[in-house]
Amino acid sequence: MSDGSSDTSAVMSDGSADTSQSSRRKPNRIGWAAIAKAASRAIGLREDGFKLPARLFEQLPFAIYICDRDGLVLRYNRRAAELWGQSPKLGDPNQRFCGSYRMYRPDGSPLPHHECPMAEVLRGGISISQQEVYIERPDGSRGIALVDIEAVKDSDGNIIGAVNCFQDITERKGAEEREKILAREVDHRAKNLLGLVQAAVHLTRARTVKEFKAAIEGRLKALSNAHSLLAQSRWAGAALHTLVTEELAPYRVAGKSRATISGPKLVLDPKSAQSLAIVLHELTTNAVKYGALSTPSGRLRVEWSRGEAEIVIHWSEAGGPPVKRPRHQGFGTRLVGPIVQTGLKGKLRFDWNRDGLACEIVIPFDHNASSLS
């Protein structure tokens, strides 16, 4: 074996132009164990120093290093040094079995170097395939190494060293976890949206098919608007002020709003935003048919306040036709009530004042909104 410093220079310098950026980020799907075995056979042809061209090491699309029978690191390529976060000195007895700074088992417990997979292979001569080892770099960052280790034996079957082919999978594991979280979130959103649509259809009452169709279309349009707002924020939430403003936008007269809207800046989580969009749509539709928005002189006020544990929304109408408490089950108890009480876990109260309908909605704050100010 040549001097350690000269070997380091050769191993770490050649072949950098042959390595693409994409191959660093994408996990290889080739047989690591087969490569480790082939490399060990090639190395086994020369038992006096593991002579392999440095360029070959640098052109391999994965990290690789070689240890002798005592666990001294004899050769490694640039990819190995990058994953370790350091370039260990070749043949250094203080850095045996692996060039990583620290190692851990998958359960988080420390893994001493003399108990690592490479040490096991050198002791027993049994190959290891697709084993995970958590490595820590000198800067404190961590990675997950998937290792394949093949023992190198001489013609008499004696262990003279081992080859470790490995790759960092923190990125692949992280991507898989993000995919799982996204899948669960999409499933949750879809179920919530489907539930609202089913409620809108099931609880709709109409005298004619035309009225039924108009009611369903209006409710779906309200959900669509809320969905668009959530998409713009990447599903972080929807501002309550924007939900109210967009629902009442069609009822402006001569460019002026017939509604006064006020309250602190609040953002609703996706589920609450979709549910409240239906509630606001039903209140608005009722005002257009029977209340303040059914006459030119009618006016509407929507305001809200935030307490320590709840949001209180006030909807009050004035200037419309005289209001009477409905004799039969109306929109409030048939659709709005279940959505507020079940979907939003809130409370709902109607006051059928002669001057106009007043409605108070109370929603738990810690589950449904946060301050944007």
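Residues numbered from 1 in each chain as written. Predicted model: local features only at pLDDT ≥ 70, side-chain atom pairs only at ≥ 80, totals over all residues. Heavy atoms only, no water.

Undergrad: What am I meant to see in empty space enclosed by the protein here?
TA: All told, the structure shown has two cavities of 30 Å³ or more when counted by the stated rule. Forming the boundary of the largest cavity are 14 residues, of which Tyr65, Cys98, Met103, Val147 and Asn164 lie nearest the centre. At the level of elements, α6 (117–124), β4 (128–136), β5 (142–153) and β6 (159–168) are the ones that each hand at least two residues to the lining of the largest cavity. Here the lining of the largest cavity gets three residues from one element, more than from any other, and that element is β5. When the residues that make up the lining of the largest cavity are grouped by side-chain class, the tally is 13 nonpolar, one polar and no charged. (1 Å grid on protein atoms, 1.4 Å probe; cavity = no way out; pocket = protein on both sides within 12 Å on 5 of 7 lines; lining within 4 Å. Points joined across faces, edges and corners; volume = space filled by probe spheres on them. Helix = DSSP H or I, 4+ residues; strand = E, 2+ residues; numbered from the N terminus. Nonpolar A, V, L, I, M, F, W, Y, C, P; charged D, E, K, R; others polar.)

Undergrad: Hey, could you run me through the confidence of the model for the protein in this one?
TA: Regions with low pLDDT should not have their predicted coordinates read in detail. Residues at a pLDDT of 70 or more form 69% of the protein, whose mean pLDDT is 77. Every residue in residues 1–30 is under pLDDT 50, and counting partners more than four places away or in other chains gives 49 contacts. Contacts of residues 367–373 to residues separated by more than four positions or lying in other chains number 23 contacts, the stretch itself having pLDDT below 50. (pLDDT = per-residue confidence, 0-100. Contact = heavy atoms within 4.5 Å.)

Undergrad: Would you mind showing me how to read the state of the cysteines here?
TA: By definition, a disulfide links the sulfur atoms of two cysteine residues through a covalent bond. Across all of its chains, the model carries zero disulfides by this definition. Just so you know, Cys116 is unpaired, no disulfide at all, and the nearest cysteine sulfur is the one on Cys98, 5.7 Å from it. (Disulfide = S-S within 2.5 Å.)

Undergrad: Sorry, what's going on with the pattern of salt bridges here?
TA: Side chains carrying opposite charge are able to pair once their charged atoms draw close together. By the definition in use, this model includes seven salt bridges. When the shortest N-O distance is used, the salt bridge between Arg142 and Glu136 registers 3.2 Å. Arg142 gets classed as partly exposed once you look at its relative accessible area, which sits at 45%. Assessed through its relative accessible area of 10%, Glu136 is described here as buried. For the salt bridge of Arg349 with Glu360, the shortest nitrogen-to-oxygen distance reads 3.8 Å. With a gap of 11 residues between them, Arg349 in strand β12 (residues 347–353) and Glu360 in strand β13 (residues 356–364) connect regions that are remote in the sequence. The exposure class assigned to Arg349 is partly exposed, which follows from its relative accessible area of 41%. (Salt bridge = Lys/Arg side-chain N within 4 Å of Asp/Glu carboxyl O. Buried < 20%, exposed > 50% of the residue type's maximum accessible area, 1.4 Å probe, protein only.)

Undergrad: Is there a simple way to explain the sheet that holds strand β8 (residues 259–262) in this structure?
TA: Strand-to-strand pairing in sheets goes through backbone hydrogen bonds, with the strands running parallel or antiparallel. One open sheet accounts for five strands, arranged β8-β10-β11-β13-β12; its pairing is mixed. Every other strand in the sheet has two partners, leaving β8 and β12 as the edge strands with one partner each. The average angle at which neighbouring strand axes cross in this sheet is 10°, direction not considered. The strands touched by helix α9 (residues 240–248) are β8, β10 (299–306) and β11 (310–318); relative to β10, the strand with the most contacts, the crossing angle is about 170°. Here helix α10 (residues 270–289) sits on the sheet and contacts β11, β12 and β13; the angle it forms with β11, its principal contact strand, is near 15°. (Pairing = 2+ DSSP bridges. Axes fitted to C-alpha atoms, helices over the stretch in contact; angles between N-to-C directions.)

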